[in-house]
Every structure is written in C-alpha cells, then in structure tokens.
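Chains, contacts and geometry: an overview
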Amino acid sequence: MAKLLYSATMSLDGFIAGPGGDMSWLTEFIGPNPAADALVGEVGSILVGRRSFGGDDPHRGTEGEGKAFGGGWEGPQFVLTHNPPAEPVPGVAFVNDFEEAVEAARTAAGEKVVNIIGADVARQCIEAGWLDEVAVFIAPVLLGDGVRLFDHPGGATVKLRRIDESSAPLANYVRFSVLR
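Note on numbering: residues in each chain are counted from 1, in written sequence order. Note on the predicted model: pLDDT of at least 70 is required for a residue's local features to be given, and 80 or more for side-chain atom pairs to be given and counted; whole-chain, interface and lining totals, by contrast, use all residues. Values reported for side chains reflect all heavy atoms of the structure, with hydrogen atoms and water molecules removed beforehand.

1. Description of the overall build of the chain
- Every helix listed is a DSSP run of H or I at least four residues long, and every strand listed is a run of E at least two residues long, numbered separately from the N terminus. When its secondary structure is counted, the chain shows 4 helices and 8 strands.
- Secondary structure of the chain in N-to-C order comes out as β-β-α-β-α-β-β-α-β-α-β-β.
- Over its C-alpha trace the chain gives a radius of gyration of 16 Å, about what one expects of a compact globule, namely 16 Å for 180 residues.
- Here the C-alpha coordinates of the chain stretch approximately 45 × 35 × 35 Å along the principal axes.
- Think of it in three bands: residues with accessible area under 20% of the maximum for their type are buried, residues over 50% are exposed, and the middle band is partly exposed, with areas taken using a 1.4 Å probe on protein chains only. Residue burial in the chain is summarised as follows: out of 180 residues, 33% are buried.
- Note on definitions: a residue-residue contact is assigned when non-hydrogen atoms from the two residues lie within 4.5 Å. Considering only intrachain contacts with a sequence separation of at least 6, the fraction spanning at least 24 residues in the chain is 76%.
- Methods summary: accessible areas were calculated by the Shrake-Rupley approach with a probe of 1.4 Å, and residue burial reflects only the protein chains presented. As displayed, the chain offers around 11,300 Å² of accessible surface, 52% of which is attributable to carbon and sulfur atoms.
- Each charge sign in the chain was given a centre, from 14 positive and 24 negative side chains, and these centres are 7 Å apart. Two things to know: the radius of gyration comes from C-alpha atoms, and the globule rule equals 2.2 Å times the number of residues to the power 0.38. The charged-residue count follows a simple rule in which Lys and Arg add positive charge and Asp and Glu add negative charge, with His and chain termini not counted at all. For this purpose, a charge sits on NZ of Lys, CZ of Arg, CG of Asp or CD of Glu.

2. Side note on the environment of Phe69
- In this fold, Phe69 is placed in the loop between α2 (50-54) and β4 (77-80).
- In this structure Phe69 comes out as partly exposed when scored by relative accessible area, which is 31%.
- Excluding its chain neighbours within four sequence positions, the residues that come into contact with Phe69 are Val40, Val43, Ile46, His59 and Asn115.

3. So, the nonpolar core
- Think of a nonpolar core as a cluster: buried Ala, Val, Leu, Ile, Met, Phe, Trp, Tyr and Cys residues, connected wherever their side-chain atoms sit within 4.5 Å. With 23 residues, the main nonpolar core has Leu4, Tyr6, Ile16, Leu47, Val114, Ile116 and Cys125 as its most contacted residues.
- Contributions of two or more residues to this core are made by β1 (4-11), β4, α3 (98-109), β6 (113-117) and α4 (119-128).
- Counting residues per element, this core draws most heavily on α3, which supplies 5 residues.
- Setting aside chain neighbours within four positions, we find Cys125 in contact with Leu4, Phe98, Ile116, Trp130 and Leu131.
- If you look at the next biggest cluster of nonpolar residues, it comprises 12 residues, including Val40, Val43, Ile46 and Val113.

4. Description of the pattern of salt bridges
- Whenever a carboxyl oxygen of Asp or Glu lies within 4 Å of a side-chain nitrogen of Lys or Arg, that contact is scored as a salt bridge. Tallied over the full model, the rule gives 5 salt bridges.
- Of the charged contacts in the structure, one is a salt bridge between Lys3 and Glu133, with a shortest N-O distance of 3.0 Å. Here Glu133 lies in strand β7 (residues 133-139) and Lys3 lies in the segment before β1, a separation of 130 residues in the sequence.
- One salt bridge in this structure joins Arg123 and Glu127, with 2.8 Å as the shortest N-O distance. With a gap of 4 residues between them, Arg123 and Glu127 both fall in helix α4, about one helical turn apart.

5. Quick notes on the packing of aromatic side chains
- In this scheme Phe, Tyr and Trp rings, the latter by its six-membered ring, pair at centre separations within 6.5 Å, and the angle between planes marks the pair as stacked below 30 degrees, edge-to-face above 60, and tilted otherwise. Tallying each qualifying case throughout the model produces 3 aromatic pairs.
- A centroid spacing of 6.3 Å and a plane angle of 55° characterise the contact between Trp25 and Phe29, whose relative ring orientation is tilted.
- Judged by relative accessible area, Trp25 falls into the buried class, the value being 9%.
- Judged by centre distance (5.5 Å) and plane angle (85°), the rings of Phe53 and Phe94 are edge-to-face. Of this pair, Phe53 sits in helix α2 while Phe94 sits in strand β5 (residues 92-95), and the two are 41 residues apart along the sequence.
- By relative accessible area, which is 22% here, Phe94 ends up partly exposed.

6. A short note on the confidence of the model for the chain
- pLDDT is a per-residue confidence score from the predictor, ranging from 0 to 100. For the chain, the mean per-residue pLDDT works out to 88, and 91% of the residues sit at or above 70.
- Mean pLDDT across the secondary structure elements of the chain bottoms out at helix α1 (residues 34-42), with 89, and peaks at α3, with 98.

The following block contains the structure:
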C-alpha cells in the first residue's frame with residue numbers, strides 16, 4: 001500500500017503559506033534542488049485540500065502556473081472537497097469523503113507515495129493515524145503569520161523520528177544571518 005507523505009516548504013517560523021493563503025513568498029525559493037527533485041520522483045499521486053488546490057500559486061506568471069510542482073510532475077490528483085467546481089478539471093478527481101479520497105489516492109499511487117498537500121488534509125491524516133512521513137524544506141524567511149505546517153489546538157503531541165541519513169538524528173542545526 002502506498003505511503004502517505006505530507007511535504008511542504010515552510011518558513012523558519014513554521015508557516016507554509018502567508019496570511020490568506022499567500023504563496024508569493026515562496027517564489028524566490030523555487031529553483032534547482034536535488035532533494036526536491038528526488039522527492040517529486042517518488043510521488044505517484046497527490047491528495048490535496050480544496051483551499052490549497054484553488055489557492056495562490058507560487059508559479060504564477062510562469063509556464064508552471066496551475067501545474068503540480070510547477071509542471072515538474074504529472075499524474076492523478078485527488079482534491080478533498082465538499083464543493084467541487086461546476087466544470088471538470090482534466091486529470092483531477094474531486095472527492096467529498098475523506099476515506100474514499102485517501103483510498104483512491106493510494107490505489108492510484110501504486111508503489112509510489114501519495115503526496116499530501118495542505119495543512120488541513122495532513123491534520124486529518126494524522127488524526128486518522130494514516131500519515132506515514134513528513135518532508136519539510138525550510139526556507140530562510142520569517143513570515144510572522146499565515147497557515148502553519150501543523151495546527152491542532154488542544155491536540156496531542158505528534159512525535160516524529162528522523163529517517164534521512166544526511167542530517168543530525170535529533171534536530172537540524174540551522175543558522176542564518178538576518179538580511180536587511
């Protein structure tokens with residue numbers, strides 16, 4: 001069965017989108033990245049929330065606008081929503097039941113991973129006990145407000161274990177200078 005992988009690029013202060021879902025902050029951090037390219041190669045399908053699917057696009061104004069991973073990936077996409085668009089979107093299935101959406105995405109992914117996009121869908125996968133992995137790219141910026149990588153007020157702690165061998169076992173040591 002395909003693993004469920006929540007991946008995101010996050011600001012150093014823990015936000016994956018700015019206020020109102022703004023993704024323009026991410027544009028300057030998109031570029032050649034061997035780790036990101038390797039991750040995209042693992043993806044067999046995408047499970048995304050409706051707000052993320054219809055939200056701001058960091059690839060706006062480029063040929064990658066509106067495409068998964070800026071056009072770096074093609075394949076089946078499943079949008080979890082209670083309000084599908086009136087017109088169908090090629091290559092995208094709109095599913096209103098969480099369990100059905102996860103099962104469809106897993107089936108479509110085959111031996112690859114289901115890439116979870118959107119904090120709310122990731123939270124639901126965690127609550128169901130189905131999320132297998134989390135991959136985070138940390139951008140050297142402080143946003144101060146927006147959509148957190150994980151937000152579950154009153155929720156239980158979710159412990160993680162490092163699985164990549166290129167980093168320290170307990171936590172990354174990251175040091176930045178503040179740009180003025």
